[in-house]
Amino acid sequence: MRHIKIVALFLVFLFIAKDIVAQEQNYRFHKVFFYSFTKYIEWPEDKKKGDFVIAVMGDSEIIPLLKEMAEIKKVGDRNIKVVQLEEIKKGEYFHILFVPAEQNQNFSAIKSALNNEPCLLVTESDGMARNGSMINFKDVEGKLRFEVNTNKLESSGLKMSQELTRFGEEIN
C-alpha cells in the first residue's frame, strides 16, 4: 500500500512538473518576441528617456524569463526594467504591458486604466486582439505566433514598422 501511495505521488508530481516546464518553455519563445517588439515599434519622443519598462499583470512564469533577458539586453542604450503589477496606478507608465491569460477577467479595467497611453498592450488568449489588445500571442499548430491590431496600436501613438506585420497576422 505504501508503494502505491509513493507511485501515485510521483505521478502527480510528474504531471505538475510537465505543465510547469511546458509553460516555461512556451514563455521562453515569448521572451524573444518581446525583445523583437522593441525593435519594430517606435514610442513617442517623450517616452524615450530612462529605463524601458516591461510590466506584467499578476504573478506569471514569464517574469523571471523577462528579468533574465533584461540583464543582458538593452533597448538602444536604455536598460530594461521588468515589474510585476497587481493593479495599474494613476501616473504609472510602461512601454509594454503583458496581460497573461489568468488576468483576462480584468482586461476591460486594465485597458481603461491605460487611458490610451502609448503602451504596447500584449495578451495571450483567443480573441484579445479584436478586443483591444495590440499584440496577441496564439498557438498555430504547435508554434507560437501573434496577431497585431494595427488600428489600436497606431491610435495609441505608437508607430509600427511594416516588418512586424510580416511576422504576425494583421487584425483591424
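Remember, predicted model here, so these are calculated numbers, not experimental data. (Residues numbered from 1 in each chain as written. Predicted model: local features only at pLDDT ≥ 70, side-chain atom pairs only at ≥ 80, totals over all residues. Heavy atoms only, no water.)

1. Some words on the side chain of Asn-136
So, step 1. Its place among the elements puts Asn-136 in strand β7 (residues 135-140).
So, step 2. Here Glu-124 takes part through its backbone nitrogen, which lies 3.2 Å from a polar atom of the side chain of Asn-136.
So, step 3. Polar side-chain contacts of Asn-136 include one of 2.9 Å to the backbone oxygen of Ser-125.
So, step 4. Apart from residues no more than four positions distant in its own chain, Asn-136 is found in contact with Thr-123, Glu-124, Ser-125, Asp-126, Gly-127, Met-128, Ala-129, Arg-145, Phe-146 and Glu-147. (Helix = DSSP H or I, 4+ residues; strand = E, 2+ residues; numbered from the N terminus. Polar contact = N/O pair within 3.5 Å; in protein donor to acceptor, adjacent residues only side chain to side chain. Contact = heavy atoms within 4.5 Å.)

2. Thoughts on the pairing of β7
Residues in a regular strand point their side chains to alternate faces of the sheet.
So, step 1. The pairing of strand β6 (residues 120-123) with β7 spans two bridges and is classified as parallel. Looking at β7, one finds that Thr-123 is bridged to Asn-136.
So, step 2. In this structure, β7 lies alongside strand β8 (residues 143-149), joined through six bridges in antiparallel fashion. Paired with Val-140 across the strands is Lys-143, a residue of β8.
So, step 3. The hairpin turn running from β7 into β8, its antiparallel successor, is two residues long, and Glu-141 in that turn takes a positive phi close to 55°. (Pairing = 2+ DSSP bridges.)

That is the geometry; function is a separate question.
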